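The primary structure of each chain is shown beneath.
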Amino acid sequence: MDSSGNLIPRWRRVLLRLRESVLTSGDVNEKRIRRRKRLVDIITRRLTLVKTALFISGYLWFLLIPSPHLGRGTYIDENALQPGQVNTDWNWGDVHVADNYLARLEQIRDGNFTSEQRAQWLSEEFGKLGIASSTQRYSFSTSTAVCTEDSVSSTFSRVDPTFQHLNGSNAYAVLASPRHSGTEAMVISASWVSRIGEEDGTLNMRGVSTILALAGFLKRYSYWGKDIIFVVSDGYLEGMQAWLGAYHGVSQSGLSREPLKLTSGVIWTALNIDYPGHSFSHLGVFFEGLNGRMPNQDLINSFDRIARYTAGVPVTLYEHLDPREEPAANKSPSWLPQALYNISEVKSYLYQAKNVVRHMKYQANGRGSGVHGLFHQFRIDAITLFALPATGPHGFHAIGRTIESTLRTMNNLLERLHASFFFYIMTGPQRFLKIGFYLPSAILISMGMMFHGLSAWVDAGWVQENIDYEASEPKKPTTYSQKQTWKRRRRPVISVLCIMIATHLLGIILFSLVSSTLFMENYKVLSPIVFTAFASVPLLALQISPISNPDIAPIFLVLKVLNLCFASTVISIITLLNFSLAASLTVLVGMPLVFSSPSVSLHWRLMKFAGCVNLGLGWLLFCQGEMVQAVWNWEVLTVWFAPFICIVYLPLLLQASVTCLLPP
Amino acid sequence: MLGVRPLLWPLTLLNLCLTVLGCTSEHFQENLSINTLQDGKVATKFTFTTLLRGATPRDPRTLDSEDESQHYTVFPLALGQILREYGVTELHLTLNAGNWNYDRWGYPEEKGVGTGAELWAWMGEGPTKTVDHRWRGLRNALAGLFCASLGSLDELRTTSPPQSFTPEGTLPDWGIPHKVRHAPLPSENVCTENLTPFLKLLPCKSLSGIASLLNPHRLFDADWHGMGVHVLWRKDEGIEMKLTFQSVFDPLRPASASTQAWSIHSLFDRTISQGCPVAQKSDVVVALPTSAVYAIKPEPPLIEGGAGIYDVNTVEKPLDIKMMFADQFSFRKSKPCPELTYQRQLYPALEYHSNSTPFSVKRTLRGSSQAWGQLSVVITNQRDTTVHALYLETMPWLIQFYIHTLEARVDGVIKDGIITNITYIPSVPHSRPTTFQAMLSIPPRTTVDITMDVTKAFLRYTEHPPDAQRGWDLPPAIFTPMELGNNGSFLPQDGRIYTPTLLVDLATPDFSMPYNVIIFTCTLTAAIFGNVFNLLTRKFLLVYIDPDKTQ
């Protein structure tokens, strides 16, 4: 045996040893079961460690997302796009045309025209160019008047004295593509109110004149393979919402609008132009859509290439200037010493963090970052070009060339923008994170929550008893101690489910209450009352007497289990739909849910309860502006954020607060 | 050129002889008509007509026996052979690009203007070779002849709607039933590779006569263009083959253009330098504007019915007709209002035109879902009398109708009596298209909104085309204006209205990412199938594990 052993080559011996370890004598099934048990055993014994590691790595990952070492440079994925490969024809003559339109628009602004007269004027200007045009009137009736009162009434949008109706007129024109059947279309749009006009009522005058001048310009060419639709929407968001809804035949409660006289084909891409200032220094790109949707990244990248190489305009994300390139933006924040700021890594990190936080803000609340976001609900890839107001050096010439070339690129598309280019976080205009680099953060935390819940589920199912060895059932495996034994106990799932359903019902009631006209009219008075009413409901849990029966698991434990598992599932699902919302949820809900547990002292219990309830309902008291905005978004734009907060987020925290209050 | 000139003489003589010989049985004439349209565009139409005097279509009962030999002088043999091989009585093939704007341009001179390819034919039912069998042969033969993908006009697209496509000639009285086959292919485009075989069918090709103006560089740059081949039989005359090429140019397209002025040279970048010797008639007909101040050079030798007629064979060559207008073209016809006064200005150039079709149609497919949608047809009767029209949808099975949701609304209120006489042949998934036909009666000066819910099909993965996934083109709906006869029956009027085509998005996997697709599929298979298979094939038994050995 020994002599022959030397003859066997070394690799063969390794193989044999491996085989021995896998296939030893004895029952194969038994071995397999044993192996599995051993694995489970290892994990269960180190469960606390695993959970902690998951949570810590998840939260650390969040901090790593803006790191300049993560992510990569942007690139064009769709070969058909060919951005910046054309000679542009937009010249100073066209700039002059745009200037003339601007002068006339200024007369319109100063003439205090109603929105209907203005839309009529725009439609006629399109008509003069020989492009079929029309207008569309609409009216939203909402319970939230306050938001519109604050922002839009100072502009030309007519708001009824009751502040319940939001009226306006859109003007639009369809340039039928020569030689094609017009089954596909692209949109260039400008809202009457600029994005900065949401606060101060600035109008998007230059954006609208660009559209008018472009209409006359684009008509001269026969290479358009898609119809081009020009839309000048009224207000900031509401006009485009009405127009898009009518175009796609989607009805919306509270909205009455005229049907569109002119239609075209399927819209694939859209560009929204926002040019409020006199001149601009950078073109900012805004891309987040309603309910966390994103446009295909190829569109952003194409625009970025074209703006930089064809028109020579630097591109920024939002209106964030890059401190590494712009001296004006190169200032250290007040809380950071200058020396630390001067480290290039820190500077890059801060700049990218600013972009990421802005992105998360836009995406999480579901409102999107502008008019382009409304297109996303109909599977149309759209972005906003925002001309950063500055004293120079760029104007109509640069923006016209950028749009012309971008339209040519969009015209090149043979199919919808596709590829897997919808999941990304832009950390800079030429830098982004792929899904694999940001998604795990939220998933790790949701895994931690799930593990925590499952371990609590096992805890709830078993109780340790000190009994005589003889009395114990023979089947029960005895583990570490011969004197202690594990006994199965019943888990009161039904009653816990009842509590959970009750909290969700409470959420539905709260949502219908908050979105009612009565509440919205007097929200400043009613909010504290509603807060007190809903916050006091979980106090009923104090009335539940503790279960003395050792065969039944305590309710709080089972409630905690289901609460954690449910929250973890919700977060995992939402990571794909709206990563920013899921990330915010992990931050807001993660730790409170994990640490919710009853305490012996009533004082401590009430403290925990107050924390949970404030987290869940605090917006009624502290973020009233955001609350009104969210309800308006739901009613006008059907953004799911408000119902989500009331029906999913709040109940999760109410359940946690009940867990804290229940007897141990 | 000088070297060729001595040869020209005998060639012309030979041509003349041929013409004289052939004129008893074959007759060729060509025509170009040019119209200015109200919205500043210019419509042109080339017509090349060959008449085989005394000839009759082949009786399908003789298809099994040897055919009589074919001798043609100007009639193209390539087409003649196809017609006789498959026993086709009447044939219409059109290849168009763009949308014909009926509201502004009125009816086209040649009816078939639906976007893409359209083929329809009347054939007698034969004893051995069925109509469907010969239809398949016909479309494949024509696909080869015209370099177009007519071969894909298969069972998925073929329907037989006899009311909308009535024969334009006469059907021979052979005592056997005649059947129509119709198939649209909206995604097919007309281009140079179709024009070249088209020119080969002409006796003078594009070398002389009116056909020399067929310059592909200009024709395929026109806003709308389309070619057609029409073969029909007239009882007392014979077989007529008509080749047409229609186009709509936009003289206002260049930035420098301010008037609608055009010339043959500006439209086609060519002039007519010599006539086609075999053409017995060769006319250029220019419709003279009625409401504008214009000048035309050279002066037309003959003016008939508001149109100037130039005989190419006699007029001085090279022929380059120039039309000039005194006024700048304006889409706005009312007097320009002072700035910022808000009286409505009118743009008749862009609106419905009273001389054109009796009604305007708009058809859209609503809904952004990939599973269902709503087909909406909005018809506006522009006349003061009730208008009747036959509405035909030949929809591929990709879109399935819910006929019970068919509703006609006037001002948002459901109204009865608008849709009558519905004929409906439901589609068969993966094979037959839907044929939906209904008679519409539209009250005077009313807009009727017809809606119907539809579902979008879920395709097998092999049914997805291998090219870029832009969606599926749906054929146009066809409206035939009808007249109420004395006995209460409807008689078709001359004219046919095609709606624009539609594009539908069906649920499509992202085929451009084969690697992802493979990974996803394999993971799913492994996870689901693997588990189920494991459970099904596993033998369950109790295993006793000694607790002592565990530790």
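Just so we're clear, the structure is a prediction, and the values are computed from it rather than from any experiment.

Considering the UniProt feature "transmembrane region" (unreviewed entry) in chain A
Residues and elements named next belong to chain A.
Phase 1: The positions UniProt marks with the feature "transmembrane region" (unreviewed entry) are residues 43-64, 435-458, 493-513, 525-545, 557-582, 602-622 and 634-654.
Phase 2: What you have in residues 43-64 is 95% helix and 0% strand, and the ends, taken at the C-alpha atoms, are 28 Å apart.
Phase 3: When the span residues 634-654 is considered, its composition is 86% helix and 0% strand, and the gap between its end C-alpha atoms is 23 Å.

Section: the domain arrangement of chain B
Residues and elements named next belong to chain B.
Phase 1: The domains assigned to chain B are domain 1 (29-325) and domain 2 (359-462 + 469-504).
Phase 2: The distance between the C-alpha centroids of domain 1 and domain 2 comes to 28 Å.
Phase 3: Of the residues lining the interface, 22 residues belong to domain 1; the matching set on domain 2 comes to 23 residues.
Phase 4: Going through the elements one at a time, helix 3 (102-105) and strand 5 (178-185) are the ones with two or more residues in the side of domain 1 that touches domain 2.
Phase 5: Per-class residue counts for the side of domain 1 that touches domain 2 are eight nonpolar, 10 polar and four charged.

Details of the interface of chain A and chain B
Phase 1: With 38 residues of chain A at the interface, the matching set in chain B holds 46 residues.
Phase 2: Of all the secondary-structure elements, those providing two or more residues to the side of chain A that touches chain B are helix 3 (28-45), helix 5 (92-110) and helix 6 (115-128) of chain A.
Phase 3: At five residues, helix 6 of chain A tops the list of elements feeding residues into the side of chain A that touches chain B.
Phase 4: Here the side of chain A that touches chain B is built from residues that sort into 10 nonpolar, 18 polar and 10 charged.

A closer look at the pairing of strand 4 (residues 116-124) of chain B
All names here are of chain B.
Phase 1: Burial analysis of strand 4 places nine of its nine residues in the buried class, which makes it a mostly covered element.
Phase 2: Here strand 3 (residues 88-97) pairs with strand 4 via eight bridges, running antiparallel. Each residue of the ladder has a partner; that of Thr 94, found in strand 4, is Glu 118.

Describing the sheet that holds strand 13 (residues 322-325) of chain B
Residues and elements named next belong to chain B.
Phase 1: Strand order in the open sheet formed by three strands is 8-13-10, with antiparallel pairing between adjacent strands. Because the sheet does not close on itself, it has two edges, and the strands there are strand 8 (262-263) and strand 10 (294-297).
Phase 2: Where strand 10 and strand 13 come together, four bridges link them in antiparallel fashion. Bridging across to strand 13, Tyr 294 finds its partner in Phe 325.

Brief notes about unusual backbone geometry
Residues and elements named next belong to chain B.
Phase 1: For the bond running from Lys 297 to Pro 298, omega is -15°, close enough to zero to count as cis.
Phase 2: The topology assignment puts Pro 298 in the loop between strand 10 and strand 11 (302-304).
Phase 3: That bond from Lys 317 to Pro 318 is cis: its omega, 0°, falls within 30 degrees of zero.
Phase 4: When you line up the elements, Pro 318 lands in the loop between strand 12 (307-311) and strand 13.

Reading the values: rules and limits
Residues numbered from 1 in each chain as written. Chains lettered and ligands numbered in written order. Predicted model: local features only at pLDDT ≥ 70, side-chain atom pairs only at ≥ 80, totals over all residues. UniProt positions renumbered as here; feature names shortened; annotations may be inferred. Helix = DSSP H or I, 4+ residues; strand = E, 2+ residues; numbered from the N terminus. Domains from an automatic or database assignment. Contact = placed C-beta atoms within 7 Å. Nonpolar A, V, L, I, M, F, W, Y, C, P; charged D, E, K, R; others polar. Buried ≥ 20, exposed ≤ 12 C-beta atoms within 10 Å, placed from the backbone. Pairing = 2+ DSSP bridges.

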